[in-house]
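A structural walkthrough
Chain by chain, the residues:
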Amino acid sequence: MEFDYDLFVIGGGSGGVRAARVAAGEAGAKVALAEEDRYGGTCVQRGCVPKKLMVFASGYGVSAKEAQDYGWTMMAGGFDWPKFRGTLESELDRLEGVYRKILANNGVETFDARARISDPHTVELSTGETKTAKHILVATGGWPVRPDIPGAELAITSNEIFHLDVLPERMLIVGGGYIACEFACIMNGLGVKTTQFYRGAQILRGFDEEARGLVSEEMLQNGVDLHLGTNVLEMKKVDDGIWVKATNGQEYTVDQVMFATGRAPNSKDLGLEEIGVKLGRGGQIEVDEYSQTAVPSVYAIGDVTNRVNLTPVAIREGMAFVETVFKGNPTPVDHEMIPSAIFTQPEMGTVGLSEEAAREREPIEVYCTSFRPMHTAFIGKSDRVMMKLVVSQESRKVLGCHIVAPQAGEMIQLAGIAVKMGATKEDFDRTVAVHPTMSEEIVTMRTPVRTG
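Residues numbered from 1 in each chain as written. Predicted model: local features only at pLDDT ≥ 70, side-chain atom pairs only at ≥ 80, totals over all residues. Heavy atoms only, no water.

1. Overview of a nonpolar patch on the surface
- Judged by side-chain polarity, Tyr70, Trp72, Met74 and Phe378 come together as a nonpolar surface patch covering roughly 500 Å² of accessible area.
- Exposure remark for Met74: the relative accessible area of 35% places this residue in the partly exposed category. (Patch = residues over 30% accessible without salt bridge, like charges linked within 9 Å, V, L, I, M, F, W, Y side chains within 5 Å. Areas by Shrake-Rupley, 256 points an atom, 1.4 Å probe, with all protein chains shown as cover. Salt bridge = Lys/Arg side-chain N within 4 Å of Asp/Glu carboxyl O. Buried < 20%, exposed > 50% of the residue type's maximum accessible area, 1.4 Å probe, protein only.)

Structure follows, in structure tokens:
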């Protein structure tokens, strides 16, 4: 059977664009891609990139105060949100252009349209066109969800926070995952009076208990009004903002509310179930280790599969898909020992198992130290950082590494290489420390603080 394309990709985010580019540019496939919104997807347009730029912006206020404490004479001033937002939007426009150019340079035909699958080899576009392909790859990502409470429509999500007309004076952020915590730190750093509700007992569920506890303590110390075991009951618009009633019995009036209470796979109305693709209870596309669905010609990668929802993972899944389907090299996706960072203030970097998860699996040793770093101890600040290794008693391999510190994301990238390679505690011990640095503590801890 003759097809219009060898591959049709639905979704112009990082995973879909990488798969399309490599399939066309390296494997010589005839490829098309459809995107109904902006190219670059969540990461470039509504996530990692603009968020990290806001993280940078939010840190300068503290940096200026620290510079004064170090002896510098600093000019007083406030944060100019409209100026920052204009520069940010220009940068996102530039990056979208880069993504479009990458696809064009590799011979990928693009459609600015919504795509829907009508049969295992056919895609219908919102422009009215119909295209056929030997293989279809769904890479439509995820989307923020709002809780079902009275007044929920008054709140924004992480999609809209980058485009606020004005920076609010008072803001409530609801949620305890990394998105909620990152934006609580960002807004607090930008001078917004920031309150955060989380219904659970501690933020950052699923991460190492000791590490997330320190992040929580530092957020409180830095000025975030964090309320654990607390959720929103209802909201309504009032003259001076948004009135919020909390489950702890308190009432608040704020200028802006942001829900960061979860994301759902973007799989609705794509025609998937009608052709036999199986969806999980949360709407995720069910795939095997090669990202193949129950329909052999249809594959899916990235957040829409709800495996490990990180941009670099989606890119790796896209590369493995191309190796498998177009290069004759069946390549299962490797989701083991993935380093990640949470850009709170301080940051958390993590790779491998938490202490709790490792303890359930086998006997372990835990090496951990928490201390005041030289940079801020010198000027009398009480900030603390943490370095932690979780080690197998039997194999001596480092099962997990957890860092809470400024620039923890940069540190964990390099530590992740060693952990992924299977380095032992003794390998870490044999490594000479770089002095004076915070990270030298990773290779100087000699005595376990806990075993079992």
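2. Thoughts on the packing of helix H1 (residues 14-25) against helix H4 (residues 81-105)
- Between H1 and H4, the least distance of the axes is 9 Å, while the angle of their chain directions is 25°. With respect to H4, the element H1 is oriented roughly parallel. Of the two elements, H1 crosses H4, and the hand of that crossing is left-handed. Residues Ser14, Val17, Ala20 and Arg21 of H1 form the contact with H4, whose own contacting residues are Tyr99, Ile102 and Leu103.
- In terms of residue class, the contact of H1 with H4 is made up of five nonpolar, one polar and one charged. (Axes fitted to C-alpha atoms, helices over the stretch in contact; angles between N-to-C directions. Helix = DSSP H or I, 4+ residues; strand = E, 2+ residues; numbered from the N terminus. Parallel < 35°, antiparallel > 145°, perpendicular 65-115°, else oblique. Left-handed = near helix turned anticlockwise from the far one by under 90°. Contact = heavy atoms within 4.5 Å. Nonpolar A, V, L, I, M, F, W, Y, C, P; charged D, E, K, R; others polar.)

3. Things to note about the packing of aromatic side chains
- Under the criterion given, the structure shown has 10 aromatic pairs.
- Ring geometry for Phe321 and Phe326: centres 6.0 Å apart, planes at 80°, overall edge-to-face.
- Classification of Phe321 as buried rests on a relative accessible area of 1%.
- Ring pairs connect the aromatic residues Tyr5, Phe8 and Phe111, which therefore count as one cluster.
- Above the ring of Tyr5, the side-chain terminus of Lys30 is found at 5.6 Å from the ring centroid.
- It is Lys425 that lies over the ring of Tyr367; its NZ or CZ is 4.3 Å from the centre. (Phe/Tyr/Trp six-rings, centres within 6.5 Å; stacked < 30°, edge-to-face > 60°. Lys NZ or Arg CZ within 6 Å of the ring centre and 35° of its normal.)

4. A short note on the pairing of strand S19 (residues 364-371)
- With seven of its eight residues buried, S19 lies for the most part within the structure.
- Sheet topology places S19 next to strand S20 (residues 385-392); eight bridges connect them, and they run antiparallel. Looking at the pairing, Glu365 lines up with Val391 of S20.
- In the sheet, S19 pairs with strand S22 (residues 450-451) via two bridges, with the strands oriented antiparallel. From the neighbouring strand, Glu365 faces S22, where its bridge partner is Thr451. (Pairing = 2+ DSSP bridges.)

5. Details of helix H6 (residues 209-222)
- In a regular helix each residue adds 1.5 Å, so 14 residues correspond to 20 Å; H6 covers 20 Å between its end C-alpha atoms and thus fits that length.
- Among all positions of H6, only Ala211, Arg212, Gly213, Leu214, Val215, Ser216, Glu218 and Met219 are buried.
- Taking the backbone nitrogen of Glu210 as reference, a side-chain oxygen 3.2 Å away marks Asp208 as the first, capping residue of H6.
- Looking one or two places after H6, you find Gly223, whose phi comes out positive at around 115°. (Expected span 1.5 Å × (residues − 1). Polar contact = N/O pair within 3.5 Å; in protein donor to acceptor, adjacent residues only side chain to side chain.)

6. Considerations on the sheet that holds S22
- Taken together, six strands build an open sheet; the order of strands is S17-S18-S21-S20-S19-S22 and the sheet is antiparallel. Only two strands of the sheet have a single partner each, and these edge strands are strand S17 (340-342) and S22.
- As paired strands, strand S18 (residues 347-352) and strand S21 (residues 398-405) are joined by six bridges and run antiparallel to one another. Residue pairing across strands places Glu347 opposite Ala405, the latter belonging to S21.
- Along the sheet face, H6 touches S18, S19, S20, S21 and S22 and points at about 170° away from the line of S20.

7. Here's the deal with the packing of helix H3 (residues 48-69) against H4
- Between H3 and H4, whose axes approach to 11 Å, the crossing angle comes to 150°. Here H4 runs roughly antiparallel to H3, going by the angle between their axes. Judged by the twist between their axes, the crossing of H3 over H4 is right-handed. On H4, the residues touching Val49, Pro50, Leu53, Met54 and Ala57 of H3 are Trp81, Phe84, Leu88, Glu91, Leu92 and Leu95.

8. Quick notes on the layout of surface pockets
- In this structure, the second largest pocket occupies an estimated 790 Å³ of space.
- In this structure, the second largest pocket is lined by 27 residues; those nearest its centre are Gly59, Val62, Glu66, Gln345 and Pro406.
- Those elements that provide at least two residues to the lining of the second largest pocket are H3, helix H5 (178-189), H6 and helix H10 (374-377).
- The biggest single contributor to the lining of the second largest pocket is H3, with nine residues.
- Broken down by class, the residue content of the lining of the second largest pocket amounts to nine nonpolar, 11 polar and seven charged. (1 Å grid on protein atoms, 1.4 Å probe; cavity = no way out; pocket = protein on both sides within 12 Å on 5 of 7 lines; lining within 4 Å. Points joined across faces, edges and corners; volume = space filled by probe spheres on them.)

9. Some remarks on unusual backbone geometry
- For the bond running from Gln345 to Pro346, omega is 10°, close enough to zero to count as cis.
- In this structure, Pro346 sits in the loop between S17 and S18.
- The phi torsion at Asp269 lies on the positive side, around 55°, for a residue other than glycine.
- Phi is positive for Ser291, close to 70°, though the residue is something other than glycine.
- For Ser291, the position within the fold is in the loop between helix H7 (272-275) and strand S16 (298-300).
- On the accessibility criterion, Ser291 (1% relative accessible area) is buried.

10. Notes on the environment of Val238
- Within the fold, Val238 resides in strand S11 (residues 232-238).
- Taking C-alpha positions, Val238 is 15 Å from Pro168, a pair spaced 70 residues apart along the chain.
- Not counting chain neighbours up to four residues away, the residues in contact with Val238 comprise Trp243 and Thr253.

11. Comments concerning the nonpolar core
- Among the nonpolar cores identified, the biggest contains 45 residues, and Met54, Ile161, Phe183, Met187 and Met258 are the most heavily contacted of them.
- Looking at this core, the elements that each hand over two or more residues are H3, H4, strand S8 (170-174), H5, H6, S19, S20 and S21.
- By residue number, the principal contributor to this core is H5, which donates eight residues.
- Setting aside residues no more than four positions away along its own chain, Ile161 makes contact with Trp81, Ile156, Met171, Phe183, Met187 and Met258.
- One finds Leu95, Leu137, Tyr299 and Val322 within the second-largest nonpolar core, a separate group that totals 24 residues. (Core = buried A, V, L, I, M, F, W, Y, C linked by side-chain atoms within 4.5 Å.)

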